[in-house]
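Take a look at the letters that make up each chain.
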Amino acid sequence: GGAACLLLYAALAARRAASPGALPAQAHATNSRAAALGACLAFTWLNPAVYLDTVVLQGTVAHSQHQPWAFAAGAGAASVIWFMALGYGARLLTPVLSPARAWRRLDLLVALVMCVTAARVLAGG
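One structure accompanies this document, and this report is about it. (Residues numbered from 1 in each chain as written. Predicted model: local features only at pLDDT ≥ 70, side-chain atom pairs only at ≥ 80, totals over all residues. Heavy atoms only, no water.)

1. Here's the deal with the overall build of the chain
Here is step 1 of the chain: Scanning the chain from terminus to terminus reveals seven helices and zero strands.
Here is step 2 of the chain: N-terminal to C-terminal, the α/β element order of the chain is α-α-α-α-α-α-α.
Here is step 3 of the chain: Scored against the burial criterion, the 125 residues of the chain give a buried share of 12%.
Here is step 4 of the chain: When the accessible surface of the chain is split by element, carbon and sulfur atoms take 72% of a total near 9600 Å². (Helix = DSSP H or I, 4+ residues; strand = E, 2+ residues; numbered from the N terminus. Buried < 20%, exposed > 50% of the residue type's maximum accessible area, 1.4 Å probe, protein only. Areas by Shrake-Rupley, 256 points an atom, 1.4 Å probe, with all protein chains shown as cover.)

2. Observations concerning the side chain of Asp107
Here is step 1 of the chain: Tracing the chain through its elements places Asp107 in helix H7 (residues 100–123).
Here is step 2 of the chain: Of the residues examined, Asp107 reaches a relative accessible area of 9% and is grouped as buried.
Here is step 3 of the chain: If we skip the residues at most four places from it in the chain, Asp107 touches Ala13, Arg16 and Ala17. (Contact = heavy atoms within 4.5 Å.)

3. A short note on helix H1 (residues 2–18)
Here is step 1 of the chain: Across its 17 residues, H1 extends 24 Å between first and last C-alpha, which sits within 8% of the 24 Å expected from 1.5 Å per residue.
Here is step 2 of the chain: Along its buried surface, H1 packs onto H7. (Expected span 1.5 Å × (residues − 1).)

4. Looking at the nonpolar core
When a protein is soluble and globular, its nonpolar side chains tend to lie buried together.
Here is step 1 of the chain: With five residues, the main nonpolar core is built from Ala3, Leu6, Ala10, Met114 and Ala118.
Here is step 2 of the chain: Of all the elements in the fold, those that place two or more residues in this core are H1 and H7.
Here is step 3 of the chain: By residue number, the principal contributor to this core is H1, which donates three residues. (Core = buried A, V, L, I, M, F, W, Y, C linked by side-chain atoms within 4.5 Å.)

5. Some details on the environment of Ala18
Here is step 1 of the chain: Mapped onto the elements, Ala18 comes out in helix H1.
Here is step 2 of the chain: For Ala18, a relative accessible area of 63% translates into the label exposed.

Keep in mind that these numbers describe shape and distance, not what the molecule does.
Next comes the structure, spelled out in structure tokens:
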């Protein structure tokens, strides 16, 4: 199921990349706050990496530490800082990502990464 989802996402990105009139993502964005919130929640809660990273990986490592709550708090703070840096850093990339050609290249990269990831999921590694 996970590989199928990745391949579907890859196909959608490849289709966008192949479109001669592909526009930046802002042109396709809806102004609906509910749609944005729904997409955010779906990418968060339907993403298996959320559970693997936060519950399994961080929980296991935190449990082996002398002060597991301090480790967990530090990992949470690092996560908040990382995602804030991504959000605010995106503003710096606006001139680079404004042409439609840049979005086609980015979509090609996304399609490639999703296909490789799906292949790794199917191979069991």
